[in-house]
Amino acid sequence: MSVELTTLPNGFRIVSEYMPGLQSASLGVWVSAGGRHERSDQNGIAHFLEHMAFKGTKRRNALQIAEAIEDVGGFINAYTSRETTAYYVRVLQKDVPMAFDVISDIVLNSTFDPREVDIERGVILQEIGQSQDTPDDIIFDWLQEVSYPDQPFGRTILGPAERVENFNRDNLAEFVAQNYVPDQMILAAAGAVDHAELVRMAEKTFGYLPTSKGLVAQPALYKGGEHRVVKDLEQAHFALSLETNGYMSDDIYTGQVYAVALGGGMSSRLFQEAREKRGLCYTIYAQAGAYSDTGSLTIYSGTSGEDVAGLSELCIDELKRSADDMTAAELDRARNQMKAGLLMGLESPASRCERLARMVGIWGRVPDLEEVVGKIDAVTVQSVTDYAQRLCKKSAPSMALYGPVELTPAVEALAERLAA
């Protein structure tokens, strides 16, 4: 792995990995500014800003931004998460300088034309409406809210419609000034790229920015609770979570292996017990999520109103059982799934680019794949058992329900069942 990392004097970082044999490259700018960096009156503005980056700069209008990349067969996109906003492209090798110019232009020079703000406001309100009409989307927003109530980390990334309706150019510019600072930004690239050339371009484009520290996000405080919306739907949607450690914890790989064994595929415990043996649902899975100072183990399922109560209790029972009788064969399978997913994913420059940015943002370096695989292999039956036992005792669960869910036990009853 030929990973190179350079930090400019103002704190801006450039990380790249050359991949022999490729004729294309992925590159982008990752900004450590997301939903949890917003004040309550700013909720949704990080996502709004991501949209506005494509609506025009001092040098290009919205059509010219799209045409610059698509005229050469490239792809451009962005996303906003709780801790990060990313702007990225995929182009052929010869078009890397042009792609860098476009990405840096939309990050640094967006004009936030008031007319475009009003147009994009309508688009985002439609996105919010679509999310609210999609049960297996909105239920995770509710789960986050009850897990981390009354704090930035628990708020929806899209923001409430009433906030979005009032954002203006000054609000967007303020958030950029507070958070889009050199030591919060990473230029990542993978594929047919030259690190020295990337550094030269970054020095010219980002090197002049004054050294400045971004705002420190409010620490996440998990509390747990329940959000239940009874509605006449075809399916009952059920989501349950328990707090886990953040990605700086030594338990991070243990927790990921455990989540795969519990509900990461068709051979997992939850899938086999809930769907294959009992026919209680069509979809069920568990996943581990990690952030800088907290994390979660989340279980989701969609089922019938008649079955959701029994399914919720089954999930609790499987959590308890996994703390007692996880087998070596199950962990071998989970470890192999994780390693295969990691290695297969890194066959594309887009996945490698994303990994580079994430690793530098988290640890300030990019661990060798051998190091990561070694940590996955080091997870043992005993470490998973200890992890599962701590998890079941650590905190009360959070739960979100949507649909014909009136007969589902309250989260307090499920917590008692878990503790029994």
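Residues numbered from 1 in each chain as written. Predicted model: local features only at pLDDT ≥ 70, side-chain atom pairs only at ≥ 80, totals over all residues. Heavy atoms only, no water.

A.B. asks: Go over the overall build of the protein chain with me, naming the residues and quoting the values.
C.D. replies: Within the protein chain, the regular secondary structure consists of 16 helices and eleven strands. Relative to the globule expectation of 22 Å for 420 residues, the C-alpha radius of gyration of the protein chain, 23 Å, shows essentially globular dimensions. Oriented by its inertia axes, the alpha-carbon framework of the protein chain measures out at about 60 × 50 × 35 Å. The buried share of the protein chain, reckoned over its 420 residues, is 53%. Contacts in the protein chain between residues at least 24 apart in sequence constitute 81% of all its contacts with a sequence separation of at least 6. Put simply, the protein chain shows about 18400 Å² of open surface, and 50% of that area lies on carbon and sulfur atoms. Both charge centroids of the protein chain, one from 39 positive and one from 59 negative side chains, sit 4 Å from each other. (Helix = DSSP H or I, 4+ residues; strand = E, 2+ residues; numbered from the N terminus. Rg over C-alpha atoms; globule rule 2.2 N^0.38 Å. Buried < 20%, exposed > 50% of the residue type's maximum accessible area, 1.4 Å probe, protein only. Contact = heavy atoms within 4.5 Å. Areas by Shrake-Rupley, 256 points an atom, 1.4 Å probe, with all protein chains shown as cover. Lys, Arg positive; Asp, Glu negative; His and termini not counted. Charge placed at Lys NZ, Arg CZ, Asp CG, Glu CD.)

A.B. asks: Summarise the layout of surface pockets; cite the residues concerned and give the values.
C.D. replies: The computed volume of the largest pocket comes to approximately 1400 Å³. Every residue lining the largest pocket is counted, 48 residues in all, and those nearest its centre are Tyr247, Ala290, Arg358, Met359 and Ile362. It is helix H13 (residues 349-363) that contributes the most residues to the lining of the largest pocket, nine residues altogether. Looking at side-chain class alone, the lining of the largest pocket contains 24 nonpolar, 14 polar and ten charged residues. Quantified by volume, the second largest pocket comes out at close to 640 Å³. Along its surface, the second largest pocket is lined by 26 residues, and Arg82, Asp137, Phe140, Asp141 and Gln144 are the ones closest to its centre. Those elements that provide at least two residues to the lining of the second largest pocket are helix H4 (114-132), helix H5 (135-147), strand S9 (281-290) and strand S10 (295-303). (1 Å grid on protein atoms, 1.4 Å probe; cavity = no way out; pocket = protein on both sides within 12 Å on 5 of 7 lines; lining within 4 Å. Points joined across faces, edges and corners; volume = space filled by probe spheres on them. Nonpolar A, V, L, I, M, F, W, Y, C, P; charged D, E, K, R; others polar.)

A.B. asks: Now, about the pattern of salt bridges: what can you tell me, with residues and values included?
C.D. replies: Under the criterion given, the structure shown has 30 salt bridges. Notably, a salt bridge pairs Asp113 with Arg115, separated by 2.9 Å at the nearest N-O pair. Residue Asp332 is joined to Arg335 by a salt bridge in which the shortest nitrogen-to-oxygen separation is 2.3 Å. With Asp332 and Arg335 both in helix H12 (residues 328-345) and three residues apart, the pair spans about one turn of that helix. Each of Arg269, Glu318, Arg321, Asp325 and Glu330 takes part in one network of salt bridges that share partners. (Salt bridge = Lys/Arg side-chain N within 4 Å of Asp/Glu carboxyl O.)

A.B. asks: Summarise the sheet that holds strand S6 (residues 185-191); cite the residues concerned and give the values.
C.D. replies: Strand order in this open sheet of six strands is S1-S2-S6-S3-S5-S4, and the pairing throughout is mixed. Each having just a single partner strand, strand S1 (3-7) and strand S4 (75-80) make up the two edges of the open sheet. Strand-to-strand twist of the sheet, defined as the mean angle between neighbouring strand axes without regard to direction, takes the value 15°. In this structure, strand S2 (residues 13-18) lies alongside S6, joined through six bridges in parallel fashion. (Pairing = 2+ DSSP bridges. Axes fitted to C-alpha atoms, helices over the stretch in contact; angles between N-to-C directions.)

A.B. asks: A description of the packing of aromatic side chains should follow, citing residues and the corresponding values.
C.D. replies: In the structure shown here, the tally under the stated rule is twelve aromatic pairs. Note on Trp30 and Tyr88: the rings are 6.5 Å apart at their centroids and 20° apart in plane angle, and the pair reads as stacked. On the criterion of sequence distance, the pair formed by Trp30 in strand S3 (residues 24-31) and Tyr88 in strand S5 (residues 85-92) is long-range, its members being 58 residues apart. Among the residues examined, Trp30 registers a relative accessible area of 5% and is labelled buried. Looking at Tyr88, the relative accessible area reads 23%, which means it is partly exposed. In textbook terms, an aromatic cluster arises when at least three aromatic residues are bridged by ring pairs, as seen for Tyr148, Phe153, Tyr222 and Tyr291. (Phe/Tyr/Trp six-rings, centres within 6.5 Å; stacked < 30°, edge-to-face > 60°.)

A.B. asks: Residue-level account of helix H9 (residues 252-263), with values.
C.D. replies: The end-to-end C-alpha distance of H9, which contains twelve residues, comes to 17 Å, matching closely the 16 Å that a straight helix rising 1.5 Å per residue would cover. Judged by how many residues are buried, H9 sits mostly within the fold: eleven of twelve residues are covered. Within the span of H9, buried status applies to Ile252, Tyr253, Thr254, Gly255, Val257, Tyr258, Ala259, Val260, Ala261, Leu262 and Gly263. (Expected span 1.5 Å × (residues − 1).)

A.B. asks: I'd like a description of the nonpolar core, backed by residues and values.
C.D. replies: Taken as a class, soluble globular proteins show a tendency for nonpolar side chains to be buried jointly. If you look at the biggest cluster of nonpolar residues, it comprises 61 residues, and the most contacted ones within it are Tyr258, Leu262, Leu270, Ile284 and Leu319. Those residues in contact with Tyr258 that sit more than four places away from it in its chain are Leu297, Leu319, Ser322, Met326, Val384, Tyr387, Ala388 and Leu391. (Core = buried A, V, L, I, M, F, W, Y, C linked by side-chain atoms within 4.5 Å.)

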